[in-house]
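# Residue-level structural notes
Residues per chain are reported as follows:
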Amino acid sequence: MSTSSVRHVNHRPATVRMARWSATHPWRAIALWLVFVAACIAAGNIAGQRQLNDLDTVVGQSGRAAHWIHDAHLTGHDTENVLITSRTGRLDAAAATAAARDVRNRMTGLAAISAVAAPMRAHDGSAVAVQITLRDNADIAPLLRASAAAQRHFPNMRVEQVGSRSLNDAVNTQVADDLSAAAGFSLPVTLVILLVAFGAILAAGIPLLLALSAVASATGLSALASHLLPSTGSVSAMILLMGMAVGVDYSLFYVKRARAERHRGASGLDAVEIAAETSGHSVLVSGMAVIVSMLGLYVSGDATFASLATGSILVVTVAVLGSLTVLPAVLVKLGRSIDRPRVPLLWRWTMQDREPRLWPALLRPSLERPGRALTVSVLLLAALAVPALGMRLASDSVSSLPDSIAEKNTMERLTAAFPGESASASVVVRAPSAAAAEVTARLSGLAARLGSDPLFVPDSARVRSSADGATHLLSVDAPFDAEAAQARDGVRALRSNYLPSALRGTVGVQWAVGGDAALNLDSDRRAADRLPWVVAFVVVLTMAIMGWVFRSLVIALLTAVVNLLSAGAAFGVQVLVFQHSWAEGLLGFRSTGALISWIPLFTFAVLFGLSMDYHVFVLSRVREAARQGLPMPDAVREGISATAGTVTSAAIVMVSLFSIFASLHMIEMKELGLGLAVAVLVDALVVRVIVLPSLLVLLGRASWWPGRAPASRTALAAELVAVG
């Protein structure tokens, strides 16, 4: 019986059994995969996507206030503003009045509008605004057409419409355009990289097609999942980002190994089974690690994170499933045709069967002077991470939107001309209906006190009560942006001073302070409080997976250390770039002096998972070499050199994809894309070439403790003699 047959009979891992079934029933496996993809897409289209609403995303005391307002039917109607300003110089008052009159005439009578307010003039005379109150679920398209018509009628002035609805629509349009551009750029870029890696069109196209099928399937599945966990608008971007990254990587690992084994003389079936037992196992472990990292986002207790995590988990799961099932069937069915059509120069270069010279040279310092190499590399990564100590977080706001969104610039002009319209605090008080008169009187007294505080707009406080008299709402304007420090100071003053003082002694009273500034404050605090728990969850479970897979506590600890180094370096670069203005022209953004509050936590979870791709793949080959009896320095050299081409190709794919996202308009995508690109570069170049090999050489056979260390060549020879 052949060695291959003995292996199949005595020990057949799940990845091999799946690959063998698919390889021996190729048409059935391919047909089942196509049916699965089509069913996911159809189910998603039929079910539709349930989007997160405002009440799904609120947290803390501001979240409690929002729910009380909603339950008491005190939620105000959405409003839009038509702002009239001068293009140059001072605003012509008469012309602005005529424009405002024209706007009111065009808006009055539209079905979407419940009221059109009288024009408001800015204190400095720089602007005139007409506020429009919308009906519930109103279509604002007719309003936008009316505003555009007024602009054409008064071309010498700016006549612009802005509000929460029109701003959200503009942001969604920008995100959709960005995603379309990212997909348009990523496909040809990825194909070119894969052509360089394989030198053949079919071999390059297979990973790309598998990644696209994973993205399409996960998009449909995410629509179904949104009826359990509502979806955020960014989930499609995350599915595309993660799906292209892991989908290409996983199939790249698999195809490279199967192709290499076939070129060494293995049959098509044996080559697939060897790839399933080695690369397939790495893909499975890597996928588990990514999923575990994404599960950590649920610990944050944030609905947006839960949505992003769900989309990421779905696309990674589908990518792993495709790599282990349909990919072996495709490889066997194509056979040697996978190397056709060949790209002339690239084919010859990829098929060169000579001892690599670059990677052994790069590894030499780590293998010959591991202590020195480790010290220098760790100090370098620590230096990159130092700026992260000064990280400042802020919720996304109008100021963080790109200038390409015209409504953002209009909103900033509206805020400058009418500062009281920028942000407001919502004080919600619940008390027994019998105490309604007392609560109303106390809130009226509080409103008078707030009028003399510079943190609030004088005479802007308004008190409303619910129909049953049990809930009372005090709204007061703040002359600052909702993300400004003064706006947050106003929220803190209301919570710690004004409310406890104003309502002292009232029996059965409950209160909460909400509004945009309060929501941003509570969201940032929640993110900061949950970050250590998310980090601990991800690190501990990742260590558990690595310890279980490699039967080594040392490998588990090494994994945590090197990944934390990569994360620290990525955070440091994010702070250097986005908290300062030196890269604004390079990346096309305007710095707000802080990172978007959810970016560090999400970046950590994603990069910790994605870094496992290379880590598991490289460590598996090092262990494979060590089991052949090579000393640790030789095993490290063999394992890293043997995987160098595959890992480098996969890293280039990931860095390219993330760099494309860093070039998009939205600041969140820039921060996420740059952070992940830096983390992958650090993993592929510094960790893989210096940190990891240095640690393995220094630890030697202790790297596999407490599991059984791979036998030396002498021990293997003795074992073979004894068996013989």
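Residues numbered from 1 in each chain as written. Predicted model: local features only at pLDDT ≥ 70, side-chain atom pairs only at ≥ 80, totals over all residues. Heavy atoms only, no water.

### What to know about the overall build of the chain
If you tally the helices and strands in the chain, you get 27 helices and 11 strands. Taking the intrachain contacts of the chain between residues at least 6 apart in sequence as the baseline, contacts between residues at least 24 apart amount to 80%. Of note, the chain has its 59 positive side-chain charges centred 9 Å away from the centre of its 50 negative side-chain charges. (Helix = DSSP H or I, 4+ residues; strand = E, 2+ residues; numbered from the N terminus. Contact = heavy atoms within 4.5 Å. Lys, Arg positive; Asp, Glu negative; His and termini not counted. Charge placed at Lys NZ, Arg CZ, Asp CG, Glu CD.)

### Overview of the nonpolar core
Counting residues in each nonpolar core, the largest one holds 174 residues, and the members touching the most others are Tyr 254, Phe 602, Phe 658 and Leu 696. Top contributing element to this core by residue count: helix α26 (residues 667-699), with 19 residues. Not counting residues within four places of it along the chain, the set of residues in contact with Phe 602 comprises Met 238, Leu 297, Phe 305, Leu 308, Ser 312 and Leu 672. In this structure, Ala 435, Phe 456, Phe 480 and Val 491 belong to the second largest nonpolar core, which totals 29 residues. (Core = buried A, V, L, I, M, F, W, Y, C linked by side-chain atoms within 4.5 Å. Buried < 20%, exposed > 50% of the residue type's maximum accessible area, 1.4 Å probe, protein only.)

### As for the pairing of strand β4 (residues 127-134)
Both faces of the sheet carry side chains from a regular strand, because those side chains alternate between them. The buried fraction of β4 is high, at 6 of 8 residues. Where strand β1 (residues 79-86) lies against β4, 7 bridges are found, and the strand directions are antiparallel. Along β4, the bridge assignment pairs Thr 79 with Thr 133. The pairing of strand β2 (residues 113-116) with β4 spans 3 bridges and is antiparallel. Looking at β4, one finds that Ile 113 is bridged to Leu 134. Linking two consecutive strands that pair antiparallel, namely strand β3 (residues 120-121) and β4, is a turn of 5 residues; a positive phi of about 75° is found at Gly 125 within it. (Pairing = 2+ DSSP bridges.)

### Things to note about unusual backbone geometry
The linkage connecting Trp 705 with the following residue, Pro 706, adopts the cis geometry, with an omega of 5°. Considering the arrangement of structural elements, one finds Pro 706 in the loop between α26 and α27 (713-723). With a phi angle near 55°, Asn 137 is a residue other than glycine that sits in the positive phi range. Following the sequence through the fold, Asn 137 ends up in the loop between β4 and α7 (141-153). Residues other than glycine seldom take positive phi values, yet Arg 551 does so here, at roughly 55°. Topologically, Arg 551 is positioned in the loop between α20 (516-550) and α21 (553-578).

### Quick word on the side chain of Thr 85
Mapped onto the elements of the fold, Thr 85 is located in strand β1. Residues contacting Thr 85, with those up to four places away along its chain left out, are Leu 91, Ser 126, Ala 127, Met 157, Arg 158, Glu 160 and Arg 413.

### Focus on the environment of His 77
Tracing the backbone through its elements, the reader meets His 77 in the loop between α5 (60-71) and β1. Between the C-alpha atoms of His 77 and Ala 43, which are 34 residues apart in sequence, the distance is 35 Å. Discounting chain neighbours no more than four positions away, the residues touching His 77 are Thr 133, Leu 134 and Asp 136. A polar contact is formed between the side chain of His 77 and the side chain of Asp 136, at a distance of 3.1 Å. (Polar contact = N/O pair within 3.5 Å; in protein donor to acceptor, adjacent residues only side chain to side chain.)

### Considerations on the confidence of the model for the chain
On average, residues of the chain score 86 in pLDDT, and 94% of them are at 70 or above. Of all the helices and strands in the chain, α27 carries the lowest mean pLDDT, 38, while helix α3 (residues 26-47) carries the highest, 95. Predicted confidence is poor over residues 712-724, with pLDDT under 50, and the contacts of this stretch with residues over four places away or in other chains come to 8 contacts. (pLDDT = per-residue confidence, 0-100.)

### A word on the packing of aromatic side chains
With the rule as written, the count across this model stands at 8 aromatic pairs. Note on Trp 33 and Phe 36: the rings are 5.5 Å apart at their centroids and 35° apart in plane angle, and the pair reads as tilted. Taken together, the residues span about one helical turn, with Trp 33 and Phe 36 both in helix α3 at a distance of 3 residues. Taken together, a centroid distance of 6.4 Å and an interplanar angle of 10° make the contact between Phe 305 and Phe 602 stacked. (Phe/Tyr/Trp six-rings, centres within 6.5 Å; stacked < 30°, edge-to-face > 60°.)

### What to know about a nonpolar patch on the surface
Together, Leu 228, Leu 229, Leu 295 and Tyr 298 make up a nonpolar patch on the protein surface, roughly 370 Å² of accessible area in all. You can see Leu 228 is positioned in the loop between α9 (201-225) and α10 (235-263). (Patch = residues over 30% accessible without salt bridge, like charges linked within 9 Å, V, L, I, M, F, W, Y side chains within 5 Å. Areas by Shrake-Rupley, 256 points an atom, 1.4 Å probe, with all protein chains shown as cover. Salt bridge = Lys/Arg side-chain N within 4 Å of Asp/Glu carboxyl O.)

### What to know about helix α25 (residues 632-662)
Because each turn of an α-helix spans 3.6 residues, side chains separated by three or four positions end up pointing in the same direction. Compared with an ideal rise of 1.5 Å per residue, which puts 31 residues at 45 Å, α25 spans 39 Å between its outermost C-alpha atoms and falls more than 12% short. The axis of α25 is deflected most strongly, by about 55°, at Ala 644. Most of α25 sits out of view: 22 of its 31 residues are buried. (Expected span 1.5 Å × (residues − 1). Bend = angle between axes of the 7 residues up to and from the residue.)

### Description of helix α13 (residues 326-334)
Of the positions making up α13, those classed as buried are Val 326, Leu 327, Pro 328, Ala 329, Val 330 and Leu 331. Of the surrounding elements, those touching the buried residues of α13 are α2 (14-24), α3, α9, α10, α11 (268-295) and α12 (303-324). Directly after α13, the chain includes Gly 335, whose backbone phi takes a positive value near 60°.

### Observations regarding the pattern of salt bridges
Under the defined criterion, the tally for this structure stands at 19 salt bridges. Across the salt bridge formed by Glu 273 and Arg 20, the nearest N and O atoms sit 2.5 Å from each other. Taken together, the positions of Glu 273 in helix α11 and Arg 20 in helix α2 put the pair 253 residues apart, joining distant regions of the chain. Across the pair Asp 489 and Arg 492 runs a salt bridge whose closest N-O atoms are separated by 3.2 Å. Residue Asp 489 and its partner Arg 492 are located together in helix α19 (residues 485-502), separated by 3 residues, close to a single helical turn. On the accessibility criterion, Asp 489 (38% relative accessible area) is partly exposed. Judged by its relative accessible area of 39%, Arg 492 is partly exposed. The network of salt bridges with shared partners includes Arg 257, Glu 261, Arg 264, Arg 621 and Glu 624.

### Notes on the pairing of strand β8 (residues 462-465)
With 4 bridges joining them, β8 and strand β9 (residues 471-478) adopt antiparallel strand pairing. Within β9, the position partnered with Arg 464 by the bridge is Leu 473.

### Regarding the packing of helix α15 (residues 358-368) against α25
Running from N to C, α15 and α25 cross one another at 140°; their axes reach a closest spacing of 10 Å. Overall, the two elements α15 and α25 adopt an arrangement that is oblique. The crossing of α15 and α25 is right-handed. On the side of α15, the interface is formed by Trp 359, Pro 360, Leu 363 and Leu 367, while α25 contributes Pro 633, Val 636, Arg 637, Ile 640, Ser 641, Ala 644 and Thr 648. A class-by-class count of the residues in the contact of α15 with α25 yields 8 nonpolar, 2 polar and 1 charged. (Axes fitted to C-alpha atoms, helices over the stretch in contact; angles between N-to-C directions. Parallel < 35°, antiparallel > 145°, perpendicular 65-115°, else oblique. Left-handed = near helix turned anticlockwise from the far one by under 90°. Nonpolar A, V, L, I, M, F, W, Y, C, P; charged D, E, K, R; others polar.)

### Observations concerning the packing of helix α16 (residues 370-385) against α21
Two numbers describe how α16 lies on α21: the axes approach to 7 Å, and their chain directions differ by 40°. Comparing their axes, α21 and α16 come out oblique. Seen from α16, the contacting residues are Val 378, Leu 381, Leu 384 and Ala 385; seen from α21, they are Leu 565, Gly 568, Ala 569, Gly 572 and Val 573. In terms of residue class, the contact of α16 with α21 is made up of 7 nonpolar, 2 polar and no charged.

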